[in-house]
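# Coordinates in review
As a plain string of letters, each chain reads:
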Amino acid sequence: MSDPFSDIVNAEPEFVELWSEMLDVRASHPQQVEMRDRYFAEINFGQGRVLEVGCGTGAIAEALAARPDSTEVIGIDPSPEFIGIARSRPTEAEFQLGDALALDFDADSFDVVVFHTVLVHLPQPDLAIAEAVRVLRPGGTLAVFEGDGASMTVAVGPDDPLEPLVREYIEANVHDSWFMRTCHHHLQQAGLRIVSSQLHGFTDPDYFRPIAERAIDLAVKSGNIDDAHAQELGDHVRRRCDSGEFYGHALYASIVAEKPTVARIHRQSTD
């Protein structure tokens with residue numbers, strides 16, 4: 001199944017409505033806030049002009065705009081529905097429709113560009129990174145925060161019946177669930193210098209339970225299980241939750257990189 005985020009403009013209304021809520025739930029989760037603040041602290045904001053590419057409903061741009069070291073924050077997203085929600089936020093951040101592969105901004109015009117859980121959804125992430133590098137000022141910072149979909153799990157044993165369903169869910173909602181493991185290489189190939197790299201663990205049964213339940217629904221829609229099996233698995237999730245045995249974990253990583261200054265670019269070209 002294709003990743004709906006890869007073509008969010010044409011995604012089913014139910015998907016957009018669901019993720020309009022889920023993006024805010026995730027962004028406000030205390031563990032997610034702590035992870036976000038950890039990598040924000042590694043960013044050199046320069047003069048404080050920040051672009052968030054793929055801003056969704058605007059929660060991350062709002063957090064960036066609240067920082068004392070940012071002076072202007074612009075969030076772009078291709079989804080009119082997401083941008084409409086973002087513009088309703090009580091924030092000084094500005095929100096615009098935009099395409100990660102063709103940014104409507106001048107070269108060298110931002111101090112910081114942020115991709116927060118975006119690149120794993122793009123079929124051509126290198127083109128988006130190249131556009132980000134183009135609009136960054138020399139010495140500017142590119143920050144990437146992504147989940148490692150390949151390692152997300154709800155398993156509590158080697159033959160957990162829920163695990164294949166969650167794997168199916170990830171594959172249906174993430175274009176490249178392995179991207180975070182090669183992201184350093186993508187950034188370096190774009191000419192960036194890695195400044196910092198951090199891993200962030202995220203564990204919360206209350207957050208991952210709806211994912212397991214949606215994975216069951218997805219398996220029914222795809223024809224991999226029937227309604228009776230779905231009922232059995234749903235009961236299994238509820239029993240685990242009631243007994244305190246339900247588990248869910250995802251690994252995230254953040255990478256902060258710097259665009260070379262003009263002097264460094266010149267030195268590299270003459271070496």
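Residues numbered from 1 in each chain as written. Predicted model: local features only at pLDDT ≥ 70, side-chain atom pairs only at ≥ 80, totals over all residues. Heavy atoms only, no water.

### Some words on the packing of aromatic side chains
Aromatic rings in a pair are described by how distant their centres are and how their planes are angled relative to each other. To keep things clear, this is the line we draw: To pair, rings of Phe, Tyr and Trp, with the six-membered ring standing in for Trp, must have centres within 6.5 Å; the planes then decide the type, stacked if under 30 degrees apart, edge-to-face if over 60, and tilted in the middle. Exposed residues in this analysis have more than 50% of their type's maximum accessible area, buried residues have under 20%, and partly exposed residues fall in between, with area computed by a 1.4 Å probe over protein chains only. In this scheme, Lys NZ or Arg CZ marks a charge over a ring once it lies within 6 Å of the ring centre and within 35 degrees of the ring normal.
Within the structure shown, the criterion is met by eight aromatic pairs. Taking 5.6 Å as the distance between ring centres and 50° as the angle between the ring planes, the aromatic pair formed by Phe202 and Phe208 counts as tilted. Accessibility expressed as a relative area gives 0% for Phe202, which makes it buried. Aromatic side chains Tyr207 and Phe208 sit 5.3 Å apart centroid to centroid with 80° between the ring planes, which places their arrangement in the edge-to-face category. Across the pair, Phe208 and Tyr207 agree in class, each one buried. In this structure an aromatic cluster arises from ring pairing among Tyr39, Phe40, Phe145, Phe202, Tyr207, Phe208 and Tyr252. One Lys or Arg, Arg49, reaches over the ring of Phe110 and ends 4.2 Å from the middle of that ring.

### Quick notes on the pattern of salt bridges
Using the following cut-off: By salt bridge we mean one thing: a side-chain nitrogen of Lys or Arg within 4 Å of a carboxyl oxygen of Asp or Glu. Segments assigned H or I by DSSP are reported as helices when at least four residues long, segments assigned E as strands when at least two residues long, and all are numbered from the N terminus.
Evaluated as defined, the whole model comprises 13 salt bridges. A salt bridge links Arg89 to Asp24; the shortest N-O distance between them is 2.3 Å. Remark: Asp24 occurs in helix α1 (residues 13-28) and Arg89 occurs in the loop between α4 (80-86) and β3 (94-97); sequence separation between them is 65 residues. Judged by relative accessible area, Arg89 falls into the buried class, the value being 15%. Taking the relative accessible area as the measure of exposure, Asp24 reaches 29% and is therefore partly exposed. Notably, a salt bridge pairs Arg238 with Asp235, separated by 2.3 Å at the nearest N-O pair. Of this pair, Arg238 and Asp235 are both found in helix α9 (residues 227-243), three residues apart, which corresponds to roughly one turn of the helix. Look at Arg238 and you get partly exposed, because its relative accessible area is 33%. Residue Asp235 is classed as partly exposed on the basis of its relative accessible area of 27%. Because the salt bridges share partners, they merge into one network encompassing Asp24, Glu62 and Arg89.

### Here we look at the nonpolar core
Put simply, the rule is: In these notes, a set of buried Ala, Val, Leu, Ile, Met, Phe, Trp, Tyr and Cys residues joined through side-chain atoms within 4.5 Å is what counts as a nonpolar core. Contacts between residues were defined by any pair of non-hydrogen atoms, one from each residue, lying within 4.5 Å.
One finds Leu51, Val113, Phe115, Leu142, Leu187 and Phe208 to be the most contacted residues of the largest nonpolar core, which totals 87 residues. When residues of this core are assigned to their parent elements, the largest contribution, eight residues, is made by helix α8 (residues 205-221). When neighbours within four sequence positions are excluded, Leu142 is seen to be in contact with Val113, Phe115, Ile129, Ala132, Leu136, Leu187, Leu192, Ile255, Val256 and Ala257.

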